[in-house]
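# Geometric and topological summary
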Amino acid sequence: MKVGIEIHQRLDAGKLFCNCPSVPAEGDGASIYRRQRAVAGELGKIDAAAAQEFVRKRQFLYEAPMNASCLVESDDEPPHDMNPTAIDIAVEICLLLEAKVVDEVQVMRKTVIDGSNTGGFQRTSIVGLDGKLRTSRGEVGIPVICIEEESSGILGEEGGAAKFCLDRLGMPLIEIATDPTIVDGEHAQEVAEKLGGILRTTGKVQRGIGTIRQDLNVSTEGGARVEIKGAQELKLIGKMVENEARRQKTLMGIREELEKRFGGKVDFGYQAVDLTTIFENTGSKLFKGAIGKGHRIFGMRMPKFKGLLGTEVGEGRRFGTELSDYAKMNAGVAGIMHSDEDLSKYGISEKEAREAEMKLSLE
Amino acid sequence: MYSHKVSERLKGFGITVGDRIRVSGKEGSLMPKPETGDPDCIVIKLDNGYNVGIHYEEGMAIEKLEGRVELEKLAQKEIKFDDRKPVVAILSTGGTIASRVDYRTGGVIPAFSAADLVSAVPELANIANIKGKSVMNVFSENIRPEHYKYMAGAVASEIAEGAAGVVILHGTDTMHYTSSMLSFMLRDLPVPVVILGAQRSSDRGSSDAAMNLICGVNFAAHADYSGVVVCMHGTLDDKFCHIHSGTRVRKMHTSRRDAFKSIDMKPIARVDYEGGKIDFIGEHPKRGHLELSVASGLESKVGLLKVYPGMRLEQVALFREKGYNGLVIEGTGLGHMPMKGDESSDENDRIFNEIRGLAESGCLVVMTSQCIYGNVNMNVYGPGRDLQKAGVISGQGMLPEVAYTKLMWLLGNYEKEKAKAMVSQNVAGEIVERREVAPDFEKGE
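Residues numbered from 1 in each chain as written. Chains lettered and ligands numbered in written order. Predicted model: local features only at pLDDT ≥ 70, side-chain atom pairs only at ≥ 80, totals over all residues. Heavy atoms only, no water.

### Here's the deal with helix 8 (residues 347-360) of chain B
Residues spaced three or four apart along an α-helix face the same direction, because each turn holds 3.6 residues. Residues and elements named next belong to chain B. Formally: Counting from the N terminus, the helices are DSSP H or I runs at least four residues long and the strands are E runs at least two residues long. Multiply 1.5 Å by the residue count of a helix minus one, and that product is the helix's expected span. Working definition: with a 1.4 Å probe on protein chains only, accessible area under 20% of the residue-type maximum means buried, over 50% means exposed, and in between means partly exposed. Note on contacts: a residue pair is in contact if any heavy atoms of the two residues lie within 4.5 Å.
For helix 8, which comprises 14 residues, the first-to-last C-alpha distance of 20 Å matches the rise-based estimate of 20 Å (1.5 Å per residue) to within 8%. Among all positions of helix 8, only E347, I351, F352, E354, I355, G357, L358 and A359 are buried. Residues of helix 8 that are buried in the fold lie against helix 7 (313-321), strand 21 (326-331), strand 22 (364-369), helix 9 (382-389) and strand 23 (392-394). G362 sits one or two residues past helix 8 and shows a positive phi near 105°.

Given below as structure tokens:
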């Protein structure tokens, strides 16, 4: 197993690109409605993830508290020069981590189109390179240390729009990324604790809930590299790493089983069939609502999958849930239900289930 | 720009921006040097996407590697002509709207072919048949009288070819100069001519460019209106654009997307982003079967002078000395300027005498107000009456920039006496006849 950790810690300084204080919202403010579009990134490509968000036609509402945001956060004024106090703190942290401080700090843009940045990107800069952390199980490299602006915090949904507050946007963050030389959950725990300790010894980082965030990169042999974002509980990092390793192992097991059943490459045509007519007079509230809104119900025959969709890949999480999440993200499908489940819990009658089976000609 | 030392060294290795290089043990693509920063610092984009600056030292090893980064071309959509939709001509003048940044060179690539525009903003194809054309390529602060003529000529030929409306993409800084100038130059305009731009660059997901373009093209294609207008964000929200009269609009903020405001009047209309509904706010001229003509003469010896306490004679003396034919004064309050000295200095007396001399020499001197909002009235106080006696003409509450373009245009197309009489006549809605009691005059609507 290979694990890397990325820590985001808020620095105790005013905002990175304007003269706002880094404080929570208080009192009056404005409310702003925005849309965003996919634009070509720095190298001319339209980022696929960004384009996908645009297709989803997202709308955003921003609360702009007067005490903690200005026209820079609302993307109505160009950024000011970078806050020198924040740079000083970042340099100090770089030196504590034995990193080489860069000769010139270059600001660049990371495309973020989930609305958490009003401009559609996050400004970020490398401050240090090639640092290291000494641990009980050897040296862990820290290839990159960055200073970047915090995104705005989501408040929820309102009238179909994602609603954010701009108080957090632009607060200075230091991002410390280790290389993937962490060997297991326990080691990850140690690294996270040590890094947290170093940050706190400067006395110049914010304390309290939400001021530090860890992202974990976990890859197992034969599996994929998976990022677990936003781990806030330091105590749970070891456990999260172990859980992810288990999930990847289970998924690899399912793959192996499927390859055995198919006798090689898994391929079943992936043919979606429109089943809407079967459910025109359904008692299922879920389907009735969806059809009422003009949505349609599709089915797909997945031969040789019987029994696998219910396999638990993690705590309270099954393979079916995993597939359903992919479909929601990638195709805008509202959800997936499958024949390994008890379909009556969705209000689907036996007759409807049989008709669907016949139409899909399931064995 | 990189320093001479660094550029020469890079050139020596045959390295240009976009090449993959190794320097000081770091590998990445060479990036262009921003105007700020140390010109001896080499900027490369690492594989993780971050840029890093490495200070160049004499004799430092730089290596050119394989794998140059090329800017990808935007995928272009094929546009089909739909004979049920009107034709809208989009003329690009060099603003950054609908353009994108080439990060290799730092330059802006304007998107001005119809295919470019429709690829960048696909919604346009649902509104109208788009014709795209580049008229010129200048930042709006660099516009000169010749450029107004190019624009007027290009608009006229598009209308002659049957465009239902014309959209001009323009830098925002001097957009209100252009909108007023074209309002004067394009006589008997039968269709809408919509000028629009972007306050926030179009290389960001949050740019106001697309919404302004969509609303502007919609207005040009479908609004029952004739005249030159500006179409920009109505508020900070991405909800609707305001359509402003070309002669009563002004950029009132350096960076906000709702920087353009109708001054001393309501906007002409509002165009919704979603749904495209066009709501006219007041009376307005309709489309007509008029025969467009271009009155394209422009007098370039016209000045615009802002007065202020403590100003010196030499600032004013220039106009007579250089033979100016027109001068717009951006005066104080209701239309005043420094004109009376006391025991401490007689500079103000000399300024006043100079202005009188300038007017007597035949230069048309027009008074406007740096208050921007409100009328000019030179009859209220003695100094105003004295200025009139000295030959200064009241600008009737025209915006200073509009009085300037109007004077250029009047002097370019009419005899001086006729031009003088027309200063106080309403040619293109530049003079507001009555100002309503608006409780919050900056709000716009």
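### Brief notes about the nonpolar core
Residue and element names in this part refer to chain B. Let me state the cut-off plainly: Nonpolar cores were defined as sets of buried Ala, Val, Leu, Ile, Met, Phe, Trp, Tyr and Cys residues, with membership established by side-chain atoms within 4.5 Å. In this entry, domain limits derive from an automatic or database-based domain assignment.
Core analysis: the biggest nonpolar cluster contains 57 residues, and I168, L182, L186, V193 and W409 have the highest contact counts within it. Per-element accounting of this core gives the leading share, eight residues, to helix 10 (residues 400-413). When residues are assigned to domains, this core turns out to be shared by domain 2 (87-294) and domain 3 (302-423), each giving three or more. Among residues more than four places away in sequence, those in contact with L186 are A152, V155, V193, V228, L292, S293 and V294.

### Quick word on the state of the cysteines
Linking two cysteines covalently through their sulfur atoms gives a disulfide. Residue and element names in this part refer to chain A. Basically, it comes down to this: Throughout, disulfides are identified as pairs of cysteine sulfur atoms within 2.5 Å of each other.
Going through the model one piece at a time under the given rule, you end up with zero disulfides over all chains. With no disulfide of its own, C165 lies closest to C20 among cysteine sulfurs, the gap being 12 Å. The class for C165 is buried, based on a relative accessible area of 9%.

### Section: the pattern of salt bridges
Here the idea is simple: oppositely charged side chains can pair when their charged atoms come close. Selection criterion: Throughout this description, the term salt bridge denotes a Lys or Arg side-chain nitrogen within 4 Å of a carboxyl oxygen of Asp or Glu.
Inspection of every chain in the model, using the stated rule, returns 63 salt bridges over all chains. Residues joined by salt bridges that share partners form a network here, namely R34, D75 and D76 of chain A together with R200, R204 and R257 of chain B.

### Describing the interface of chain A and chain B
Put simply, the test is: What gets called buried area is simply the loss in accessible area from a 1.4 Å probe that two parts show on being joined, summed for both.
On the chain B side, the residues contacting the 42 residues of chain A number 47 residues. Carbon and sulfur atoms supply 51% of the area that chain A and chain B bury against each other, a total of about 3,600 Å² over both sides. Seen at the junction of chain A and chain B, the total is seven salt bridges. Between D75 of chain A and R257 of chain B there is a salt bridge, with its nearest N and O atoms 3.0 Å apart. When contributions to the side of chain A that touches chain B are tallied by element, the ones reaching two or more residues are strand 2 (29-35), strand 5 (108-111), strand 6 (121-135) and strand 7 (138-149) of chain A.

### Focus: the sheet that holds strand 12 (residues 192-196) of chain B
All names here are of chain B. Stated precisely, the cut-off is as follows: Here, strands pair whenever DSSP counts at least two bridges between them. Throughout, an axis means a line fitted to C-alpha atoms (over the contacting stretch in the case of helices), and angles, computed between N-to-C directions, take values from 0 to 180 degrees.
Here we have eight strands laid out as an open sheet, ordered 9-6-10-12-13-14-17-18, and mixed in their pairing. A strand with exactly one partner marks an edge of an open sheet, and here the two such strands are strand 9 (129-134) and strand 18 (278-280). Within the sheet, the average angular offset between the axes of one strand and its neighbour, ignoring direction, is 25°. Pairing analysis gives five bridges linking strand 6 (residues 87-92) to strand 10 (residues 165-169), with the strands arranged parallel. Residue pairing for strand 10: V88 is matched across the bridge by G165.

### What to know about the domain arrangement of chain A
Residue and element names in this part refer to chain A. Short version of the rule: A 3.5 Å cut-off defines polar contacts: any pair of N or O atoms within that distance qualifies, except that in protein one atom must be a possible hydrogen donor and the other a possible acceptor, and neighbouring residues in sequence count only when both atoms are side-chain atoms. In the scheme used here, Gly and all other residues not listed as nonpolar or charged are polar, with Ala, Val, Leu, Ile, Met, Phe, Trp, Tyr, Cys and Pro taken as nonpolar and Asp, Glu, Lys and Arg as charged.
Annotation of chain A at the domain level lists domain 1 (2-252) and domain 2 (272-360). Distance from the C-alpha centre of domain 1 to the C-alpha centre of domain 2: 37 Å. Across the contact, seven residues belong to domain 1 and ten residues belong to domain 2. Buried surface at the junction of domain 1 and domain 2, summed over both partners, amounts to about 690 Å²; 44% is from carbon and sulfur atoms. Interface area lost by domain 1 to domain 2 is led by R246, R247 and L251, which between them contribute 52%. Connecting domain 1 to domain 2 are two salt bridges. Counting every contact that joins domain 1 to domain 2 gives one residue pair in polar contact (both at pLDDT 80 or more). No other element matches the five residues that helix 4 (residues 237-262) contributes to the side of domain 1 that touches domain 2. A per-class count over the side of domain 1 that touches domain 2 returns one nonpolar, two polar and four charged.

### Examining the packing of helix 10 of chain B against helix 11 (residues 416-423) of chain B
Residues and elements named next belong to chain B. Worth spelling out the cut-off: Here roughly perpendicular refers to angles of 65 to 115 degrees, roughly parallel to angles under 35, roughly antiparallel to angles over 145, and oblique to all remaining angles. Take the far helix as your reference; a near helix turned counterclockwise from it by less than a right angle gives a left-handed crossing, and one turned clockwise gives a right-handed crossing.
Orientation of helix 10 relative to helix 11, taken along the N-to-C sense of each, is 150°, at an axis distance of 8 Å. With respect to their mutual orientation, helix 10 and helix 11 come out roughly antiparallel. In terms of crossing hand, the pair formed by helix 10 and helix 11 is right-handed. The segment helix 10 lies against helix 11, with K406, L407, W409, L410 and L411 engaging K416, A419, M422 and V423.

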